[in-house]
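As a plain string of letters, each chain reads:
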Amino acid sequence: MTTTKPGAGAIHAAATYLAVVQFFFAGCWIVYVIHLPGLLKTVGLDASLVIWFLMADQLVFALTDLAMGLWLDRIRGGLRRFGPVVLAMTAFSCLAFLLLPYVARSGGDTGRGVFIALLVVWTVTSSALRAPPLALLGTYAPAPALPWALALNFLGLALAGALSPYFGGALKAMDPRLPFAVSSAALFATTLGLVWIERALAAAGPQAAEPKADAPRPRAAPLFFAACAALALGFQIHFFVNSAPRYLVFAKPADLDLLMPVFWIGFNFAMFPAATLAKRLGEMPVMAAAVAVGIAGILATVLARDLTTLVVGQALAGAGWGATFVLFFAGATAYGRVGREGRMLGALWAVVNVAVLARMATGAAGLGKMPEYADILSWGPAVAWTVGLALLLVVAWRWRGGARAPA
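What you see is a predicted model; the values in this text were computed from it and never measured. (Residues numbered from 1 in each chain as written. Predicted model: local features only at pLDDT ≥ 70, side-chain atom pairs only at ≥ 80, totals over all residues. Heavy atoms only, no water.)

What to know about the packing of aromatic side chains
The tally for this structure, following the rule as stated, stands at 31 aromatic pairs. One residue, arginine 130, lies across the ring of phenylalanine 61, its end atom 4.2 Å from the ring centre. A cation sits over an aromatic face here: arginine 359 above phenylalanine 240, 4.2 Å from the ring centre. (Phe/Tyr/Trp six-rings, centres within 6.5 Å; stacked < 30°, edge-to-face > 60°. Lys NZ or Arg CZ within 6 Å of the ring centre and 35° of its normal.)

Overview of the nonpolar core
Phe115, Phe224, Trp321 and Phe329 are the most contacted members of the largest nonpolar core, which totals 123 residues. Here this core gets 13 residues from one element, more than from any other, and that element is helix 13 (residues 307–336). Once residues lying within four places of it in the same chain are set aside, the contact partners of tryptophan 321 are Leu231, Ala232, Phe235, Phe263, Phe267, Phe328 and Trp385. (Core = buried A, V, L, I, M, F, W, Y, C linked by side-chain atoms within 4.5 Å. Buried < 20%, exposed > 50% of the residue type's maximum accessible area, 1.4 Å probe, protein only. Helix = DSSP H or I, 4+ residues; strand = E, 2+ residues; numbered from the N terminus. Contact = heavy atoms within 4.5 Å.)

A closer look at the confidence of the model for the protein chain
The predicted model of the protein chain averages 86 in pLDDT, with 90% of residues at 70 or higher. Note on residues 207–214: pLDDT under 50 across the span, and 16 contacts to partners over four residues away in sequence or across chains. Below pLDDT 50 for its whole length, residues 401–407 participates in 19 contacts with residues either more than four positions away or in separate chains. (pLDDT = per-residue confidence, 0-100.)

Section: the environment of glycine 138
Along the chain, glycine 138 turns up in helix 5 (residues 131–140). Considered as a pair, glycine 138 and alanine 189 are 51 residues apart in the sequence and their alpha carbons are 24 Å apart. In this structure, glycine 138 is in contact with Leu146, Thr333 and Arg337, ignoring residues within four places of it in sequence.

Structural notes on the environment of alanine 135
Within the secondary structure, alanine 135 is located in helix 5. In this structure, the C-alpha to C-alpha distance between alanine 135 and arginine 343, residues 208 residues apart in sequence, is 9.4 Å. Apart from the residues within four sequence positions on either side, alanine 135 is in contact with Leu72 and Leu345.

Remarks on the packing of helix 9 (residues 221–250) against helix 13
When two helices pack together, you describe them by how their axes are tilted relative to each other and by the distance separating the axes. Contact geometry of helix 9 with helix 13 gives a least axis separation of 11 Å together with a crossing angle of 160°. One way to sum up the angle between helix 9 and helix 13 is to call them roughly antiparallel. Pair helix 9 / helix 13 crosses with left-handed handedness. In this structure, helix 9 uses Ala221, Phe224, Cys228, Leu231, Ala232, Phe235, His238, Ser243, Arg246, Tyr247 and Phe250 to contact helix 13, whose residues at the interface are Leu307, Leu310, Val311, Gln314, Ala317, Trp321, Thr324, Phe328, Gly331, Ala332 and Tyr335. (Axes fitted to C-alpha atoms, helices over the stretch in contact; angles between N-to-C directions. Parallel < 35°, antiparallel > 145°, perpendicular 65-115°, else oblique. Left-handed = near helix turned anticlockwise from the far one by under 90°.)

What follows is the structure, encoded as structure tokens:
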């Protein structure tokens, strides 16, 4: 017997709520990155170790995201709900995060050991807020409505990214105990609603959608994830390595707080039009078009001879990445239906984490300061996105064995 899927209103309400959760989750990460150098110094560790701690975080994120995705598929196969477990993991994560600045002040070898142990607990348990919310949307949202629901969900991350320069300036001078306490309490308070959301959606619709005859072919999945890896790495190098130095050619350091969010403004504005187009045309062609727009934007920033061209290029690059990022997860969910959504979403988060790790490794190796690598870093994002586009075109053809991309 078939039941009716939850209405668009319920799906959009759930996605909007999850956007608030993602905003506070990203806020915790911003607080952590800003205050980590000072906390390491407090526990007697050199601040130069920050990059290695952040790289270790990304490696742990990648492994735990994969494990969380596999776990999600297993428990959902038994028709069990995962909201209470996610809430419990988030409680441990928030508690560990809250205690970090207090333990750092205790000093000594014991304090240092407890501090590192809390870091591990926070990193591992925070995986509860990456794959599970997306799996929740992927389980109950009808396929045509999924891109829009994902765009709503990622709005929280995008807004946090846009506001991060302003957060940074305000947070640096604060005692870390206050922002750690406020951000962890806000995140836990908003996560409480996950249990209610899962129950409401489960009561309104079936546990999983029926598989479709025109579902994407699994054998093309490796190419899809390879394209995701190339595009994610290109984004990381473009924004986090190249953007600020290019702005400083035409602007003053004080202007960066106003200029860096331009990328995220483009990101925000592109997500919802891309979701609407994907409903009509399918994920793959819209994603390929978005990547082409992103390549044009990246090339504009490389070749810019004035600030206006650079700003327009950054907005286009952000728009390309925003549309692509949303459709990444819609595509991964489609490959996972039915019963493998968790592992596909976990794998995609792992790919994103590995791209972050690779970008951090270039910073740790000092490649950005070596003149012989300047051209590689400058043109690398455009090359990576071109490779990603070529792979996506192959995936679009093989998605249904040569048929048109999914609607």
